[in-house]
Amino acid sequence: MKTSKQLMENFNYLTDPIAVGKYGERFAGLEAFVAAMGANMELDFVFNHIRWYLGPAKRGYILSKDDGQWTHPFNSIDEILNYDFNGLNIRQNWSEIFINEL
């Protein structure tokens, strides 16, 4: 299993797409998701039938559900990739993410 650092090293920010699909609604790969996080992009996406917001914080990243009432901090991208989203994790199920906004 590659670390987020190894995944970022395999992504070319100048030529590799982050989003694909007719409307840019899907990540091109796990590397693209990690690259977006590494670039401190704020992500608005649906994963496992729930809308999520993920973005940079003072230290690390913050994840919240669509209503903003629930939040969870992360110290690293690897923590985000392995986090249990009601039985799924991004590391293994990245292709099921539907992007609302980057």
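No experiment lies behind these values; they were computed from the predicted model shown. (Residues numbered from 1 in each chain as written. Predicted model: local features only at pLDDT ≥ 70, side-chain atom pairs only at ≥ 80, totals over all residues. Heavy atoms only, no water.)

### Topic: the overall build of the protein
Stated precisely, the cut-off is as follows: By the criteria applied, helices consist of DSSP H or I runs no shorter than four residues and strands consist of E runs no shorter than two, each listed in order from the N terminus. Each radius of gyration reported is based on C-alpha atoms, and the globular scaling rule is 2.2 Å times the count of residues to the power 0.38. Each residue's exposure class comes from its accessible area (1.4 Å probe, protein chains only) as a fraction of the maximum for that residue type: buried when under 20%, exposed when over 50%, partly exposed otherwise. Contacts are assigned to residue pairs that have any heavy atoms within 4.5 Å of one another. Residue-level accessible areas treat just the shown protein chains as cover; the underlying method is Shrake-Rupley with a 1.4 Å probe. Asp and Glu are treated as the negative residues and Lys and Arg as the positive ones, with His and the ends of the chain left uncounted. Lysine's charge is taken at NZ, arginine's at CZ, aspartate's at CG and glutamate's at CD.
Each helix and strand in the protein was counted, giving four helices and seven strands. Secondary structure elements of the protein, listed N to C terminal, follow the sequence α-β-β-α-β-β-β-β-α-α-β. Its C-alpha atoms give the protein a radius of gyration of 13 Å, near enough to 13 Å, the size a compact globule of 102 residues would have. C-alpha extents for the protein along the principal axes are approximately 40 × 30 × 25 Å. The buried share of the protein, taken over its 102 residues, is 37%. Within the protein, contacts between residues separated by at least 24 positions form 45% of all contacts whose residues are at least 6 apart in sequence. Total accessible area on the protein stands at roughly 6100 Å², and carbon and sulfur atoms take up 47% of it. Distance between charge centroids for the protein: 3 Å, based on 9 positive and 13 negative side chains.

### Section: the nonpolar core
Rules: Put simply, buried Ala, Val, Leu, Ile, Met, Phe, Trp, Tyr and Cys residues joined by side-chain atoms within 4.5 Å make one nonpolar core.
Core analysis: the biggest nonpolar cluster contains 29 residues, and Phe27, Phe33, Leu54 and Ile90 have the highest contact counts within it. Listing elements by their share of this core, those giving two or more residues are helix H2 (30-38), strand E3 (43-47), strand E4 (50-56), strand E5 (61-65) and helix H3 (77-82). Sorting elements by how many residues they give to this core places H2 first, with seven residues. Residues in contact with Leu54, not counting those within four places in the same chain, are Phe33, Met37, Met41, Glu42, Leu43, Phe45, Tyr61, Ile62, Leu63 and Ile80.

### What about the pairing of E4?
Note the threshold: Strand pairing is assigned whenever DSSP identifies at least 2 bridges connecting the two strands.
Inspection of the sheet shows E3 paired to E4 by five bridges, in the antiparallel sense. Following the sheet pairing, Asp44 is matched in E4 by Tyr53. Count of turn residues in the E3/E4 antiparallel hairpin: two residues, of which Asn48 carries a positive phi of about 55 degrees. The pairing of E4 with E5 spans five bridges and is antiparallel.

### A look at the side chain of Asn89
Rules: Within 3.5 Å is the distance limit for a polar contact, defined as a pair of N or O atoms, with the added protein rule that one can donate a hydrogen and the other accept it, and that residues adjacent in sequence qualify only through two side-chain atoms.
Following the sequence through the fold, Asn89 ends up in the loop between H3 and helix H4 (90-93). The class of Asn89 is buried, set by a relative accessible area of 17%. Within the structure, the side chain of Asn89 is placed 3.2 Å from the backbone nitrogen of Arg91, a separation counted as a polar contact. Among the polar contacts made by the side chain of Asn89, one reaches the main-chain amide nitrogen of Gln92 at a distance of 2.8 Å. For Asn89, the contacting residues outside a window of four places in its chain are Phe47, Leu81, Asn82, Tyr83 and Trp94.

### Structural notes on the pattern of salt bridges
Formally: Take a side-chain nitrogen of Lys or Arg and a carboxyl oxygen of Asp or Glu: if they are within 4 Å of each other, that pair is a salt bridge.
On inspection of all chains with the given rule, the structure shows two salt bridges. A salt bridge links Asp44 to Arg51; the nearest nitrogen and oxygen atoms lie 2.6 Å apart. A relative accessible area of 7% means that Asp44 is categorised as buried. Its salt-bridge partner being Asp78, residue Arg91 comes within 3.0 Å of it at the nearest N-O pair. Of this pair, Arg91 sits in helix H4 while Asp78 sits in helix H3, and the two are 13 residues apart along the sequence.

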